[in-house]
Every structure is written in C-alpha cells, then in structure tokens.
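# An overview of the molecular structure
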Amino acid sequence: MILFKERFRELREEKGIFQSDVAKVLNVSQKSISNWEMGSRRPDFETLVQIAQFFNVTTDYLLGVED
C-alpha cells in the first residue's frame, strides 16, 4: 500500500515545486512539509483536504486508498 508520504512527495515533485512553496500555500512551516515527507508526522484532516484541493486529487488518493 502506498503511503501518504510517498504520494505527497510524488505530487510535489511532479509539480516541480519546493517544500517551502507548498508550506506557504498551506500556511504551515517548511518543517511540517519535511516531517510529512519523512513520515514522522501527518497533516490534520483540514490540511489534508487543502492538500487534495491544491494537487487536484482526492483524499483517498493521498491516503493510498485508491489509485
């Protein structure tokens, strides 16, 4: 099963943007983005929805429930 950290990093890199850019859009710290990509932390539900909207994917996709 694909994990959030893998999907998130993949989407960010496909879009060609830096962690700091995503952090600004989501109004979180760059360290938060780094922690999500390392898998040491996960975003809260509200932020997860914002991430899905930003990357134009579903939350199920982000969570690895669907492809």
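Below, the structure is looked at part by part. Each chain carries its own residue numbering, running from 1 in the written order of its sequence. Local features in a predicted model are, by the rule used here, given only for residues with pLDDT of at least 70; side-chain atom pairs are given and counted only at 80 or more, and totals for whole chains, interfaces and linings are based on all residues. Side-chain figures throughout are based on the complete set of non-hydrogen atoms in the structure, without hydrogens or water.

## Notes on the packing of helix α1 (residues 4–15) against helix α4 (residues 45–55)
Contact geometry for α1 and α4: axes closest at 11 Å, N-to-C directions at 35°. Our pair here, α1 against α4, has a crossing hand that is left-handed. Note on element contacts: α4 touches α1 through Leu48, Ile51, Phe54 and Phe55, opposite Phe4, Phe8, Leu11, Arg12 and Lys15. Under the scheme applied, nonpolar residues are Ala, Val, Leu, Ile, Met, Phe, Trp, Tyr, Cys and Pro; charged residues are Asp, Glu, Lys and Arg; polar residues are all the others, including Gly. Split by residue class, the contact of α1 with α4 holds seven nonpolar, no polar and two charged. Every angle, taken between N-to-C directions, lies between 0 and 180 degrees, and every axis is a line fitted to C-alpha atoms, over only the stretch in contact when it is a helix. To qualify as a helix, a DSSP run of H or I must reach at least 4 residues; to qualify as a strand, a run of E must reach at least 2; elements of each kind are numbered from the N terminus. The handedness criterion is simple: a crossing whose near helix is rotated anticlockwise from the far helix by less than a right angle is left-handed, and one whose near helix is rotated clockwise is right-handed. In what follows, a contact means two residues having at least one pair of non-hydrogen atoms within 4.5 Å.

## Here's the deal with unusual backbone geometry
The backbone of Asn27 shows a phi angle near 60°, a positive value even though the residue is not glycine. Positionally, Asn27 belongs in the loop between α2 (19–26) and α3 (30–38).

Distances and angles like these do not, on their own, reveal function.
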